[in-house]
Amino acid sequence: MRIVSTRLFSSSRLGAAALGAALGVSASGAATAEILRKGSWPDVEPKVSVEVSNEPRNEALKRVARAAGWSLVLNVPPGDVVELHVQEQPADRVLELLLSDGSYVATRDGDMIAIAPAPAAPHPALAPETPAPPTARAPSASPDGDEDADEDAEEAPPSSRGRDRFVTGGSLRIEKGEVVNDVSVIGGSLDVWGTVTGDIDVMGGSTHIHEGARVRGDVSTVGGPLNVADGARIDGDVDVVGGPLRRGERARIRGDVNNDVNPAGGDGSSAKGASTLARSAGNAVTRAALLFAFGAVMLALWPRRMEALKVEIAARPMRSFALGVVGVLGALAIAAALCVTLIGIPFAVIGLLLAVIAVVAGGCAVLETAGAGLFGHRTKNPYAHLALGCLGLLIVSGIPYIGGALCAAVALIGAGALVATRLAGLLRPKPRGEGAAGPYRTSP
């Protein structure tokens, strides 16, 4: 739900002609109409199918309201006779085109909508004179060379935050002049030429912030590169995991930069690079400690299931790796298929969360198996084996590229072991001999 009070309708002739042909109104009227929306309007209105033949415009408005479930209060002229033949079109779009003969105010409170003519604008000759806007002064560099404060004082905030954009399994392009709010892309690339008023989250694809683009929030990418071109600007923090950060010399990032491949963020500041490196090291230690704690809980609650995973990993590690690759690709394909519909998105999110938890448990089994293989002759304590495995992963993960590849291999082997053991025995196979024969099968 969004709260709006802004002039938003000035449609193009091409878009008005497409739906206006079904409504029996002219495209020229729709091109100059102006609707002022007030109150609380949802982002997506229901689609309606309405048939009206040779009736006044107000009667068509009532038919649209009934089909959309609205309560309508009209204070507008009845209008000309219209022909309305609409199949599965957004109700608010049909409403706007029916009001294409002038300027109106549509005030909404829940499902009740009141429509009245917009107040007439004063004649230009009678309008009071307004003082000319002050001449923009040239930005003066501060003593430390930072001009961001002057730019923030001169630049007005955007009149609209824009809509959220969410894309799975495809790429997204924010055009120059376009304003959007939060942006999330899974399994695809993102190109930003316009303005993003919220945050950017990209997983499994490349991200390009082009010249002249601006991001007012944070930028987080996982499993792909981030390119910030000269003249681009990011006001928030930047976090890049599993990919490089390429930053132009005139690109501006006001927040903190965290990149596991290039900790300094490419800004040439040794002090900031050292601080970011220390923070990255602290984060790595924290992740290793949390991984050990999670594995210890799994060992305490389900020791037999963890033992089943260890046996599978030690006996067939390459088979587990191959099954892990197939399993991850299959899980992503299923999640993408579920995200095609709104009903399937919650199931996809829940399924991915459960899959991540299962893969982490499998990774803990891999680390415990590695620790037992290296130091099993000194101690038989599984918790000690898990701790040694986590410590080894912490040390090796600091190596560029090699560390990332090793972490991915651990996760894939753990996922493959889960597939091979049917989630460590949670899914039991169907007993042999049961099936079509049923109760008539013969006993040996």
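Note that this is a predicted model, so its numbers are computed, not measured.

Caption draft 1: Structural view of the overall build of the protein chain. Counting its secondary structure elements, the protein chain contains twelve helices and 23 strands. Counting only residues that meet the buried cut, the protein chain has 33% of its 444 residues in that class. Sequence separation of at least 24 residues holds for 42% of the intrachain contacts in the protein chain that already meet a minimum separation of 6.

Caption draft 2: Up close: a negative patch on the surface. On the surface, D164, D182, D199, D201 and D218 cluster together into a patch of negative charge. The residue D182 is located in strand 11 (residues 179-186) in this model. We classify D182 as partly exposed; its relative accessible area is 31%.

Caption draft 3: Seen up close, the nonpolar core. The biggest cluster of nonpolar side chains holds 25 residues, and the ones touching the most others in it are L190, I200, I209 and V228. At the level of elements, strand 10 (172-174), strand 11, strand 12 (190-192), strand 14 (200-203), strand 18 (226-228) and strand 20 (238-241) are the ones that each hand at least two residues to this core. Looking at this core, the element that brings in the most residues is strand 11, giving three residues. Core analysis: the next-biggest nonpolar cluster, separate from the first, contains 24 residues, I35, V50, A60 and V94 among them.

Caption draft 4: Broad picture of the sheet that holds strand 10. Spatially, 10-12-15-18-21 is the arrangement adopted by the five strands of the open sheet, whose pairing is parallel. Bordering the open sheet on either side are strand 10 and strand 21 (245-247), each of which pairs with just one other strand. For this sheet, the mean angle separating the axes of adjacent strands, direction not counted, is 5°. With three bridges connecting them, strand 15 (residues 207-209) and strand 18 associate as parallel partners. Bridge pairing links I209 to V228 in strand 18.

Caption draft 5: Up close: the side chain of E368. Structurally, E368 can be placed in helix 9 (residues 344-375). Taking the relative accessible area as the measure of exposure, E368 reaches 1% and is therefore buried.

Caption draft 6: Broad picture of unusual backbone geometry. For E88, which is not a glycine, the phi torsion comes out positive at approximately 55°. Non-glycine residue R422 carries a positive phi angle of around 55°. For R422, the location among the structural elements is in helix 12 (residues 422-425).

Caption draft 7: Broad picture of the environment of G69. Within the secondary structure, G69 is located in the loop between helix 3 (57-68) and strand 5 (71-74). Judged by relative accessible area, G69 falls into the partly exposed class, the value being 45%.

Caption draft 8: Spotlight on helix 8 (residues 317-338). In a regular helix each residue adds 1.5 Å, so 22 residues correspond to 32 Å; helix 8 covers 31 Å between its end C-alpha atoms and thus fits that length. Of all the positions in helix 8, only S320, G324 and A335 are classed as buried. Here the buried residues of helix 8 occupy an arc of 45° about the axis, which is enough to place them on one side. Exposed residues pointing more than 90 degrees away from the buried face of helix 8 are listed as M318, V326, L329 and A337. Where helix 8 is buried, its residues contact helix 7 (303-315), helix 9 and helix 11 (402-420).

About the criteria used
Residues numbered from 1 in each chain as written. Predicted model: local features only at pLDDT ≥ 70, side-chain atom pairs only at ≥ 80, totals over all residues. Heavy atoms only, no water. Helix = DSSP H or I, 4+ residues; strand = E, 2+ residues; numbered from the N terminus. Buried < 20%, exposed > 50% of the residue type's maximum accessible area, 1.4 Å probe, protein only. Contact = heavy atoms within 4.5 Å. Patch = residues over 30% accessible without salt bridge, like charges linked within 9 Å, V, L, I, M, F, W, Y side chains within 5 Å. Areas by Shrake-Rupley, 256 points an atom, 1.4 Å probe, with all protein chains shown as cover. Salt bridge = Lys/Arg side-chain N within 4 Å of Asp/Glu carboxyl O. Lys, Arg positive; Asp, Glu negative; His and termini not counted. Charge placed at Lys NZ, Arg CZ, Asp CG, Glu CD. Core = buried A, V, L, I, M, F, W, Y, C linked by side-chain atoms within 4.5 Å. Pairing = 2+ DSSP bridges. Axes fitted to C-alpha atoms, helices over the stretch in contact; angles between N-to-C directions. Expected span 1.5 Å × (residues − 1). Arc of directions from axis to C-beta.

That's the geometry; what it means functionally is another story.
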